[in-house]
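What follows is each chain in one-letter form.
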Amino acid sequence: MKLHYYPGCTLKEKTTNLDDSTRAAMEVLGYELVEPENWTCCGAEFPLTEEKIVGLAAPTRILRQVELEGGDKVVTTCAFCFNVLKRTNEALLKDPLKHKRINAYLRDDIKIDPLTKKKTTDFAEYHETVWVLHLMEFIKYQIGYDKVKSHIKRDLANLKVAPYYGCRLLRPAGEVGIDIPDDPHIFEEFLENIGCEVVDFPFKQECCGSYISVSLPDAASEASYQILRSARYCGADMLALSCPLCYYNLDRRQDRIKERFFDFTGMPILFFTQLLALALGVDEKVLGLDQHYYDPRPVLSKMHKTEVVS
Amino acid sequence: MFEPKIMCFLCKWCTYAGADLAGTSRMQYASNSVNLRVMCSSRIDPQHILYAFKEGADGVFIGGCHPGDCHYVEGNYKTLRRTILLSRMLEDFGIDKRRLRLEWISAAEGKKFMETMNAFSESIRELGALNLDQVSLTNEDTKHG
Amino acid sequence: MNGNGKKKKIGVFVCHCGVNIASVVDVERVAKALENYPGVEFSTNYVYMCSEPGQKMILEKIKEQKLDSVIVAACSPTLHEKTFQNVVELAGINPYQLEIANIREQDSWVHSDKEKATAKAVKIVKSMVEKVLQNESLEPIRVGVTRRALVIGGGISGLQAALDIADHGYEVLLVEKGPSIGGHMIQLSETFPTLDCSQCIMTPKMVEVSRHPKIRLLTYHEVESVSGFVGNFKVKIRKKPRYVNPDLCTLCGDCEKVCPQIVSDEFNMGLSFRKAIYMPFPQAVPGTYTLDIDNCLGLLPIRCGKCKDVCEPKAINYDEQEEIFEEEVGAIVVSTGYDLYTMDHLGEYGGERYEDVLNGLEFERILSASGPTGGVVRRPSDGKVPKNVVFIQCCGSRDTENHNPYCSKICCMYTAKHAMLYKHRVPDGHATVFYIDVRTGGKAFDEFYQRAVEEDHVLYIRGKVSKVFQEGDRIIVWGVDTLTGKKVEMEADMVVLAMSMVKTEGGEELLKKLKIATDANGWLAEAHPKLRPVESLNAGFFLAGCAHGPKDIPETVAQASAAAAKVGDLFAQKELLHEPTIVPVNEELCSGCGICVTVCPYGARELDPIKKVVKVNEILCEGCGACAAACPSGAAQQKNQTDNQIFSMVKAILKG
Amino acid sequence: MRVKLKIGEEEKQFIERVSELSGQDVYKCYQCGRCSAGCPFAFEMDLLPNQIIRMVQMGLQDEVIHSKTLYLCASCFTCQSRCPKGIDLARLMEAIRLLIEPKGKDQFGPNDVPTKLANELPQQVLVAVYRKFSK
Ligand SMILES: Cc1cc2nc3c(=O)[nH]c(=O)nc-3n(C[C@H](O)[C@H](O)[C@H](O)COP(=O)(O)OP(=O)(O)OC[C@H]3O[C@@H](n4cnc5c(N)ncnc54)[C@H](O)[C@@H]3O)c2cc1C
Ligand SMILES: Cc1cc2nc3c(=O)[nH]c(=O)nc-3n(C[C@H](O)[C@H](O)[C@H](O)COP(=O)(O)OP(=O)(O)OC[C@H]3O[C@@H](n4cnc5c(N)ncnc54)[C@H](O)[C@@H]3O)c2cc1C
Ligand code: SF4
Ligand code: SF4
Ligand code: SF4
Ligand code: SF4
Ligand code: SF4
Ligand code: SF4
Ligand code: SF4
Ligand code: SF4
């Protein structure tokens, strides 16, 4: 089955292994992920003031493209993209005037006919028919955990995994959340159903430092340190997450954390679709585990001994 | 100068008492209106209003308690709904809907009553006399059969 | 023509009110203008109509001119309507044949142009003449009163109301859904602002209630339905089977010892356990055991039957059945109290996840000498005495965005009490309170709070906590001190949340049965926030205690006594008089459309399914007239304010 | 330090502009401080988030626009999700940044990132940080 999928810039250009894992895992579940043609960056940040409404044009273009290609939903795995696309959709839905204004921006777009590849200036509006879903939601509500379970090939029971939500999946409350901001369960359910042992830890919805890691690296690394420290303290072997930016702050930046916090021992970080792919028996090479700063393979080897045959 | 005739329906608990307060406070307002006291603004039937227009009123005013303060729980909401509906119908009869006004005026708002009366009187004055010939009201519309 | 088809003889009396009216309105001209108006027999004016001589004049003129209706053109009816009604009654005229034309507050005092004011006065008086022409003579509607009250809820408010009503000499039925009376107050340790022991002041009252000859105590009972109207309610009450006969039970406790079913104990807020057959607490009233059927293994001897086997006096009866019976009462006091907002609403404070994060009532039990720890402050997780206790105020209150918008009013005080009592029990411990404001509006309340700070050295930090979490056995609190502008982090051994007060769980169901009004937050609505604070808008219902909104005990008791006094007022009347200016139905015209039924706020109208016409309960009708305006067929006409009266008045005003 | 309080036309305009741009009603804030209590970057801030909104209420324009807090907010919405009055401080801060941007210089622009780091960083973080902190 074909499913519209918006990978976002980072997964496409930098952390391609996370993208590959997602595709491979979804293939096992019977889905071919198709990207909307000619997609661009969603803008990474949802514009927070009315004056910056132009920022809604890029994400709307992506949604319009999905619509033009006949899609009724689009899934993402990056929490930032999800946040922007979903909020854009909601904002346009809620405010017809805004919707009109954005469509007016799109009016100047040049359209490329998908068949003839010819450029036309025919204007297409976005009609609000696309549903934005995070892949975790798609798995829970559209695929169903039972189906996922029936495809499981590796037993992850030995892995103590702490789910890390970060900010963009849960907040702003009421606008975007895939679950209740201060009492979420969906990530835990996901991990449980793919066979991991879930470790609860109190920092799961704290911010990792986000883009502050560029402007004020020390502030961000302190935030990241607290998250990793707490997960470790609560008994986790690794942290699972769903955002390539968190992934950068929490994995790649561990060098900086180590410099500043002497008690810090490091912690492997996995993208949630990497774990899914592992559970579904996808070839480990696809996951690009060698590209991680903190090598997760030693910890993962715990689970290798327990292959399930079905 | 044109002197409009204004018919006021006031609820006993709030606006009538507010009108009394305007009196005890000796506030002055236009004398072209006369008040009729009802128990609740929800007692006022659109037909009473149409009848008043037919009998020569240039403006009709309804005064009730503020939302939430109605002596009969929510009679004033009923009045509000009815008045909105009637306002739409008025245009069909050729009556400018600004000739009908609904205000929430509490027993403590003598000043608001005075101001409202003056403002309403002024706005009717601007609209001019209600020309009965243009009005297609019949007895059927205004009185029970 | 009047309502009876006779021609009317109306007298018009125009008052000068000294110069108050006469200086602006030409009263003589007004009287003159009315002289020949149809229906008017006599018209005059006088300097002070409400004075002795003024009243006398009216009386004489009525006799002399054989008048049958009277218009007094004077001040607002709110001032002297009653006075003049008495006058005409003295002359043998029905008071509903008197009308006041308001030419002072709504004419002479608000205008200065004499011409215009006089013309307006004439219109006003004429419109009242038109009204009186069609006025009917009416008698107030009279009904009897059942002098017996129902009190629902056996907390301190219900007990106080029941005792006061019973002391007035009236019978009281006290219905409590739980196995014992006492409500939340009996769970409290010591009470602010005097720190007297709650049980010590509560138990005597409970005993008094159980012994009072005028009170019938119905614990483990619930109200099924209520019908009727003020003075004449019919109430169906359901008795839940207790399976233990209180008269036979000797409180030996043998049944409890053998019962294998262990469940969490509500009285101790789940901090300890009880058996399926139990006594809720030692001083429970009535003093008897209760078999909790929801937790019992099953009443069949093959399932268990242990308790029945050991009960010597044969007090246990597995065959006891639920019963529903009907009672008549004249007034109903609703005193169903409150519950606490549950902690699972506050995920950021751990929800219900952390054992050592407690709500206020749980902490009351821990402080209580009769509680699960015998009054020693120990934390639930490991029984250790906590050395650092953090109290957080406004949990779920004053939060318009995610929780309850209102202030729960008593939590500032009980938090001060908690911190203080904790310090008394653990003098080397530290108590920290996070607050937004400290609200101590009550007699001796602020002094109490200051004592907590000055004498017991409780640290008050101004700022709302954002998050509470546990790592290992450390509880960490993230707060802020807005006074120093510092974000603060604290470690605690135990955290107590001042959870907001909310309407009783399942309370909507009862209120739906009673059909009484509530406010936006589910609290009972009073008839007037200042002048009728203990009455419901629905006649015959009275409010007491926290069912009406958050309150402390002194206020609860005061309100309960006030409600009882109001019930006394009602019962002191020989019969109830009801305004007769209601809206009956003309069955000939009524099409049975039912529109009026839907607009009536009091449920006074009901469709007769067989006759297909509407029936009106005259006692319930408050005469708002909403139905009259809604009725499409003219079948609903308000007495003395019919459509025809309104039309005639409008005409007189506009054409006169 | 003593500040002179004055709510004149200029101050009113400032408050209005901030409210309008951010869509937040600053008068709703009752200074409970919960935003600051939960903010992950409050420890670096010169003014706590609740102080920012307080100073907007008081019309203290200068204090607010010179605060480095505006450039520490990560738009994590922790404050928004817990604020008892539903105030979104991330929006408020963005609005204030927008008000001062035309006047000031880039707080953070492309030149502030070393090339090596820029190559390593995820795209989204660069897009995000420029979007937030430059003109
Ligand atoms: C933690 C805490 C500490 C407090 N400390 C103090 C203090 O120190 N000093 C002070 O003055 N106040 C204190 N209070 C306040 C005090 O508890 C209340 O003011 C008082 O208990 C209110 O009494 P009530 O009768 O209105 O309600 P409740 O005590 O709640 O009683 C209501 C009764 O009605 C029954 N009921 C409910 N629904 C039904 C129904 N449908 N049918 C039949 N029965 C029903 C309930 O079972 C209950 O028995 C404290 C409150 C809390 C939460
Ligand atoms: C500035 C202000 C604003 C307020 N605003 C509000 C408000 O908005 N809402 C609200 O609910 N409450 C308000 N209140 C409170 C309100 O005024 C009181 O709750 C209320 O008036 C108390 O009524 P009372 O009958 O107990 O006392 P009082 O009004 O003081 O009446 C006492 C009466 O007793 C008489 N008296 C005194 N001694 C003797 C004597 N020895 N012999 C005979 N007669 C005597 C006095 O002359 C007086 O007439 C306000 C109070 C103040 C000060
Ligand atoms: S009846 Fe009214 S108007 Fe007449 S004298 Fe008395 S107070 Fe004045
Ligand atoms: S064994 Fe019987 S008498 Fe004894 S407490 Fe139980 S019920 Fe009462
Ligand atoms: S029958 Fe029920 S109450 Fe009695 S002992 Fe057995 S479980 Fe307990
Ligand atoms: S009484 Fe105090 S603690 Fe309770 S809600 Fe009000 S301010 Fe908050
Ligand atoms: S007058 Fe009002 S209360 Fe009476 S029946 Fe009609 S709607 Fe009901
Ligand atoms: S609205 Fe009029 S016609 Fe309809 S049921 Fe009521 S009284 Fe009868
Ligand atoms: S949490 Fe909300 S109400 Fe409280 S200080 Fe912050 S912005 Fe103001
Ligand atoms: S959105 Fe900004 S101010 Fe609010 S908690 Fe996050 S970083 Fe702090």
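Asker: Report on the interface of chain A and chain D, specifying residues and quantitative values.
Answerer: Between chain A and chain D, the residue contacts involve 48 residues of the former and 42 residues of the latter. Buried area between chain A and chain D, summed over both chains or domains, comes out near 3,900 Å², and the portion from carbon and sulfur atoms is 60%. Interface area lost by chain A to chain D is led by Leu48, Tyr211 and Val214 of chain A, which between them contribute 19%. Put simply, chain A and chain D have two salt bridges between them. Note that Arg82 of chain D and Asp182 of chain A form a salt bridge whose closest N and O atoms lie 2.8 Å from each other. Applying the counting criterion to the chain A and chain D interface returns 11 residue pairs in polar contact (both at pLDDT 80 or more).

Asker: Account for the domain arrangement of chain A, naming residues and giving values.
Answerer: Residues and elements named next belong to chain A. Parsing chain A into structural domains produces domain 1 (2-132) and domain 2 (154-301). In this assembly, domain 1 packs against domain 2 so that about 2,200 Å² is buried in total across both faces, 69% of it on carbon and sulfur atoms. Its largest share of buried area at the contact with domain 2, domain 1 owes to Asn17, Leu18 and Phe80, together 24% of the area lost on that side. Taken together, the links from domain 1 to domain 2 amount to two salt bridges. The salt bridge involving Glu175 is made with Arg87; its shortest N-O contact spans 3.0 Å. Counting the contacts that link domain 1 with domain 2 gives 10 residue pairs in polar contact (both at pLDDT 80 or more). Of all the secondary-structure elements, those providing two or more residues to the side of domain 1 that touches domain 2 are α1 (9-13), α2 (16-28) and α4 (79-94).

Asker: Lay out the side chain of Glu45 of chain A in plain terms, naming residues and giving numbers.
Answerer: Mapped onto the fold, Glu45 of chain A is located in the loop between β2 (32-34) and α3 (57-68). Among the polar contacts made by the side chain of Glu45 of chain A, one reaches the side chain of Arg168 of chain A at a distance of 2.4 Å. If sequence neighbours within four positions are ignored, Glu45 of chain A has contacts with Phe80, Val84, Arg168 and Tyr211 of chain A together with Ser75, Ala128, Arg131 and Lys132 of chain D.

Asker: Before we move on, could you go through the sheet that holds strand β10 (residues 269-271) of chain A and cite the residues and values that matter?
Answerer: Residue and element names in this part refer to chain A. Read across the sheet, four strands follow the order β8-β7-β9-β10 without closing on themselves; strand pairing throughout is parallel. This sheet does not close on itself; its edge strands, each paired only once, are β8 (197-198) and β10. With three bridges joining them, strand β7 (residues 160-163) and strand β9 (residues 238-241) adopt parallel strand pairing. Counterpart to Ala162 in the pairing with β9 is Leu239. Those strands touched by helix α13 (residues 272-279) are β7, β9 and β10, and its axis lies near 75° from that of β10.

Asker: Describe in detail the site of ligand 5, supporting the description with residues and values.
Answerer: The local shell around ligand 5 holds 13 residues, among which Cys259, Cys296, Leu297, Cys304 and Cys307 of chain C are the closest. Looking at the shell around ligand 5, its residues break down into 10 nonpolar, two polar and one charged.

Asker: Hey, could you go over the arrangement of the chains for me, with residue numbers and the actual values?
Answerer: If you rank the four pairs of chains in contact by how many contacts each has, first place goes to chains A and D. The two partners chain A and chain B share no contact, and the minimum distance between any of their C-alpha atoms is 25 Å. The least C-alpha distance between chain B and chain D, which are not in contact, is 23 Å.

Asker: Quick rundown of the packing of aromatic side chains? Include the residues and the values.
Answerer: A complete count under the given rule lists 24 aromatic pairs over all chains for this structure. Where Tyr165 of chain A meets Phe187 of chain A, the ring centres are 5.6 Å apart and the plane angle is 90°; that geometry is what we call edge-to-face. With Tyr165 of chain A in the loop between β7 and α8 (186-193) and Phe187 of chain A in helix α8, this pair connects stretches of sequence that are 22 residues apart. Consider the rings of Tyr225 of chain A and Phe264 of chain A, whose centres lie 6.1 Å apart with planes at 75°: the pair is edge-to-face. Residue Tyr225 of chain A is located in helix α10 (residues 217-233), and its partner Phe264 of chain A is located in the loop between α12 (254-260) and β10; the two are separated by 39 residues in the primary sequence. By the burial criterion, Tyr225 of chain A is buried, and Phe264 of chain A matches it. An aromatic cluster is built from Tyr165, Phe187, Phe190, Phe271 and Phe272 of chain A, whose rings are joined through pairwise contacts. Of note, Arg26 of chain B hangs over the ring of Trp109 of chain C, and the distance from its end group to the ring centre comes to 3.7 Å.

Asker: Which residues make up helix α17 (residues 643-655) of chain C, and what are the values?
Answerer: Residues and elements named next belong to chain C. The end-to-end C-alpha distance of α17, which contains 13 residues, comes to 18 Å, matching closely the 18 Å that a straight helix rising 1.5 Å per residue would cover. Of all 13 residues that make up α17, 10 are buried, and the element is covered over most of its length. Along α17, the residues that are buried comprise Asp643, Gln645, Ile646, Phe647, Ser648, Met649, Val650, Ala652, Ile653 and Leu654.

Asker: So what's going on with the environment of Gly18 of chain C? Residues and values would help.
Answerer: All names here are of chain C. Along the chain, the position of Gly18 falls in the loop between β1 (10-15) and α1 (27-35). When its relative accessible area of 14% is taken as the criterion, Gly18 is described as buried. Sequence-wise, Gly18 and Leu524 are 506 residues apart; in three dimensions their C-alpha atoms are separated by 48 Å. Those residues in contact with Gly18 that lie beyond four places of it in its chain are Val47 and Tyr48.

Asker: How would you summarise the nonpolar core if you had to cite specific residues and measurements?
Answerer: Counting residues in each nonpolar core, the largest one holds 303 residues, and the members touching the most others are Phe190, Ile194, Leu239, Leu250 and Leu275 of chain A together with Phe363 and Val495 of chain C. Not counting chain neighbours up to four residues away, the residues in contact with Phe363 of chain C comprise Leu358, Val377, Phe391, His418, Tyr422, Met494 and Val496 of chain C. Within the second largest apolar cluster, 74 residues are counted, among which are Ile10, Val14, Val87 and Val129 of chain C.

Asker: Tell me what's going on with the state of the cysteines, and back it up with residues and numbers.
Answerer: Evaluation of the coordinates by the stated rule reveals two disulfides over all chains. Bridging Cys14 of chain B to Cys65 of chain B, the disulfide has an S-S length of 2.3 Å. When the S-S torsion is 100°, as for the bridge of Cys14 of chain B with Cys65 of chain B, the disulfide is right-handed. With Cys14 of chain B in the loop between β1 (6-11) and α1 (15-24) and Cys65 of chain B in the loop between β3 (59-64) and α3 (75-92), the pair connects residues that are 51 residues apart, well separated along the chain. Across the pair, Cys65 of chain B and Cys14 of chain B agree in class, each one buried. Between Cys197 of chain C and Cys200 of chain C runs a disulfide, and the two sulfur atoms are separated by 2.4 Å. Classification of the bridge connecting Cys197 of chain C and Cys200 of chain C rests on its S-S torsion, roughly 90°, and on that basis the disulfide is right-handed. Cys8 of chain B forms no disulfide, and the closest cysteine sulfur to it belongs to Cys11 of chain B, at a distance of 13 Å.

Asker: So what's going on with the sheet that holds strand β2 (residues 33-38) of chain B? Residues and values would help.
Answerer: Residues and elements named next belong to chain B. The four strands are arranged β2-β1-β3-β4 in an open sheet whose pairing can be described as parallel. The two strands at the open ends of the sheet, each matched to only one other strand, are β2 and β4 (100-104). Averaged over all pairs of adjacent strands, the angle between their axes in this sheet comes to 20°, without regard to strand direction. As judged from the six bridges shared by β1 and β2, these two strands associate in the parallel manner. Its bridge partner lying in β2, Ile6 is registered against Ser33.

Rules of the game
- Residues numbered from 1 in each chain as written.
- Chains lettered and ligands numbered in written order.
- Predicted model: local features only at pLDDT ≥ 70, side-chain atom pairs only at ≥ 80, totals over all residues.
- Heavy atoms only, no water.
- Contact = heavy atoms within 4.5 Å.
- Buried area = accessible area lost by both parts, 1.4 Å probe.
- Salt bridge = Lys/Arg side-chain N within 4 Å of Asp/Glu carboxyl O.
- Polar contact = N/O pair within 3.5 Å; in protein donor to acceptor, adjacent residues only side chain to side chain.
- Domains from an automatic or database assignment.
- Helix = DSSP H or I, 4+ residues; strand = E, 2+ residues; numbered from the N terminus.
- Pairing = 2+ DSSP bridges.
- Axes fitted to C-alpha atoms, helices over the stretch in contact; angles between N-to-C directions.
- Near = heavy atom within 4 Å.
- Nonpolar A, V, L, I, M, F, W, Y, C, P; charged D, E, K, R; others polar.
- Phe/Tyr/Trp six-rings, centres within 6.5 Å; stacked < 30°, edge-to-face > 60°.
- Buried < 20%, exposed > 50% of the residue type's maximum accessible area, 1.4 Å probe, protein only.
- Lys NZ or Arg CZ within 6 Å of the ring centre and 35° of its normal.
- Expected span 1.5 Å × (residues − 1).
- Core = buried A, V, L, I, M, F, W, Y, C linked by side-chain atoms within 4.5 Å.
- Disulfide = S-S within 2.5 Å.

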